[in-house]
Amino acid sequence: MAESFAGFVEAVRLIDHHVHGAYAVDGDEARFQNSLNEGNSELLAEPSAAYDSQLGFALRRWCAEIIDLPRHVTAELYWRRRSELGELEISRRMTRTAGVSHWLIDAGFKTGAMLDPPGMAEITGATVHEIVRLETLAETLIQSDHDPGGYVDAFTGLLANHPQIVVGAKSVLAYRAGFKHDLTRPADREVAESAKLWRQRIDSGGAVRLDDLTLIRFGLHCAISLGLPLQLHVGFGDRELDLDQANPLLLLDFLRSVEASKVPVLLLHCYPFEREAGYLAQAFDNVYLDVGLAVNHVGVRSRSLIARSFELAPFTKILYSSDAIGPAELHYLGARLWRNAITSIFGRWIDDDEWSEADARRVVELVARDNARRVYGLP
C-alpha cells in the first residue's frame, strides 16, 4: 500500500454526523467505567468488565499516548492519569486530536453532565451543528403551559422555528416502541387526544418519558413535512431496547411510503444489522447508513464491521459517525479506529489491484465528509 494513501487518510477532516457532548465536569471512576458499556443503564456490578473488553483494550492502546502515557498502560494507571488532567483537559486533547471539522450533536440525551453545543464548539475548536431529538422536544412541550389540545400546532411551531444551528431531526422510536408498527401519519384529533392523556398521566405522577406511538409517529411526520433529514437509531443500544424490534428491515413499509421518500433517512449505527441497512441504502434513493457507536465497542474488530458496511451500500450513501457520549476518548476513538480500518481495508484493495488509489481516495472523501455535507446542506 502506498504510504501516500495512508497519509491521505490520516489528514482527511471528518464530519461526525451523529455525536453527543463530551463530559463537562469531573466524575468518579464508576461513572467512567459505566460509560464504556453501552448495554448497561445502571452502575456496573462488575466494574472491571468495562476495561476487559474490546473497547477497554482499544482505549488503552490508542488514547494513552494522548495523555502522556505509554501504549497498553494498565487500567489503574490510565485512570490515575486522566484524573490528574481532569475531564475538560481530556475533552480538549481527545477531540482536537480526532481530526473532526464538524460535530452534528444530538443534545437531547443525558445533558446534565455534558458539554452543550456552544461548549463543544469551544473545547473542540470545530464547527458545531445540532440534531433535534424529537422525543425530547415532545417531552419539553408537554411539561409547558401549552394546552395539550393544541399539541399539533405547538409541536410543529417549535420544530419549524428551530435555530439555524439545527440541521436535522432524530427519533429513538427503536427504544420507545420498536419498528414493527404502522408508522403512517396519525390524524390531528388522534394526536390531540394522545397528548391530553399523556398530560393527565404526568399530572397524576406518571413518567414524562414519551412512549405513546401516536405522538412518536406524529413527530416523525412533522420532521418530514418540514424537510428535515431524519435520523433513526437502528440496532444495539442499552437493555431498555428490544434488539429484535430494531432491525431496519421492519421499516420497509415506512420507507416505501411517499412521505418517507421526501427526506433523507439516516440509519444510525446499525450493528448487528449493518448488512440489512446496506440493502436498504441500495434499494431506496433516500436511505443512508453509518456504523458509528459499534465501531468503538468492537475495538480492533471494527475493521470487519466497517468492511461489511462497504459490501452493498453505494459509497454515496455511507457516512462517518462516532455516536460518542461522555468520555471524550470515545470522540477520538471513533475517528482513530475508522482511519485504521479504512487504511487497512482500502489499502489491501489497492494492493490487490481491485481498486485504484484514485478511486479509494474519492470514496474516503465521500464517507468522511462529502456525503454528510450534501445530506445536511452544510456550507
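Just above, that's the structure.
Residues numbered from 1 in each chain as written. Predicted model: local features only at pLDDT ≥ 70, side-chain atom pairs only at ≥ 80, totals over all residues. Heavy atoms only, no water.

Asks: Looking at this model, I keep getting lost on the overall build of the chain. Mind explaining?
Replies: Check the secondary structure of the chain and you find 18 helices and seven strands. The C-alpha radius of gyration computed for the chain amounts to 21 Å, which stays within 12% of the reference 21 Å derived for 379 residues, consistent with globular compactness. Overall, the C-alpha framework of the chain stretches about 60 × 45 × 35 Å when taken along its three principal axes. Once local pairs closer than 6 in sequence are excluded, the contacts in the chain between residues at least 24 apart make up 77%. Separation between the mean location of the 39 positive side-chain charges and that of the 53 negative ones in the chain comes to 3 Å. (Helix = DSSP H or I, 4+ residues; strand = E, 2+ residues; numbered from the N terminus. Rg over C-alpha atoms; globule rule 2.2 N^0.38 Å. Contact = heavy atoms within 4.5 Å. Lys, Arg positive; Asp, Glu negative; His and termini not counted. Charge placed at Lys NZ, Arg CZ, Asp CG, Glu CD.)

Asks: So what exactly am I meant to see when it comes to the pattern of salt bridges here?
Replies: Proximity of charged atoms lets side chains of opposite charge pair with each other. In this structure the tally under the stated criterion is 22 salt bridges. When the shortest N-O distance is used, the salt bridge between R133 and D106 registers 2.8 Å. Highlighted residues: R133 in strand β3 (residues 127-133) and D106 in strand β2 (residues 100-106), separated in sequence by 27 residues. As a salt-bridge pair, E311 and R275 come within 2.7 Å of each other at their nearest N and O atoms. Of this pair, E311 sits in the loop between α16 (302-309) and α17 (329-351) while R275 sits in helix α14 (residues 274-283), placing them 36 residues apart in sequence. Residue E311 is classed as partly exposed on the basis of its relative accessible area of 46%. Through salt bridges with shared partners, a single network forms among D68, R81, E84, E89, R92 and R93. (Salt bridge = Lys/Arg side-chain N within 4 Å of Asp/Glu carboxyl O. Buried < 20%, exposed > 50% of the residue type's maximum accessible area, 1.4 Å probe, protein only.)

Asks: I would appreciate a short explanation of the nonpolar core in the present structure.
Replies: Soluble, globular proteins show a tendency: their nonpolar side chains are buried together. If you look at the biggest cluster of nonpolar residues, it comprises 118 residues, and the most contacted ones within it are Y78, Y151, F155, L267, W338 and F346. For this core, the leading source of residues is α17, giving eleven residues. If near-sequence neighbours (up to four positions away) are discounted, Y151 is found in contact with A138, L141, I142, V191, A195, W198, L215 and F218. The next biggest cluster of nonpolar side chains, apart from the first, holds eleven residues, and it includes L104, V167, L266 and L378. (Core = buried A, V, L, I, M, F, W, Y, C linked by side-chain atoms within 4.5 Å.)

Asks: Just checking my understanding: could you explain a negative patch on the surface for this structure?
Replies: Together, D351, D352, D353 and E354 give the surface a local cluster of negative charge. Considering the arrangement of structural elements, one finds E354 in the loop between α17 and α18 (357-376). By relative accessible area, E354 is classed as exposed at 60%. (Patch = residues over 30% accessible without salt bridge, like charges linked within 9 Å, V, L, I, M, F, W, Y side chains within 5 Å. Areas by Shrake-Rupley, 256 points an atom, 1.4 Å probe, with all protein chains shown as cover.)

Asks: How do you make sense of helix α11 (residues 188-203) when you look at a structure like this?
Replies: A turn of α-helix holds 3.6 residues, and therefore any two residues three or four places apart point the same way. Here α11 spans 23 Å end to end across 16 residues, near enough to the 22 Å set by a 1.5 Å rise per residue. Residues of α11 that are buried include every one of V191, A192, S194, A195, W198, R199 and I202, and no others. An end-on view of α11 places all buried positions within 165° of arc, on one side of the element. At its buried positions, α11 is contacted by α8 (134-142), α9 (151-160) and α12 (213-225). Positioned one or two residues after α11, G205 has a phi angle of 100°, which is positive. (Expected span 1.5 Å × (residues − 1). Arc of directions from axis to C-beta.)

Asks: So what exactly am I meant to see when it comes to unusual backbone geometry here?
Replies: Most peptide bonds are trans, and most residues other than glycine sit at a negative phi. Put simply, Y271 and P272 share a cis peptide bond, and its omega is 5°. Among the secondary structure elements, P272 is positioned in the loop between β6 (265-269) and α14. Of note, D68 is a non-glycine position whose phi angle comes to about 70°, a positive value. As for its position among the elements, D68 is in the loop between α4 (54-62) and α5 (75-85). Of note, the phi angle at H269 is positive, near 80°, even though the residue is not glycine. As for its placement among the helices and strands, H269 is situated in strand β6.

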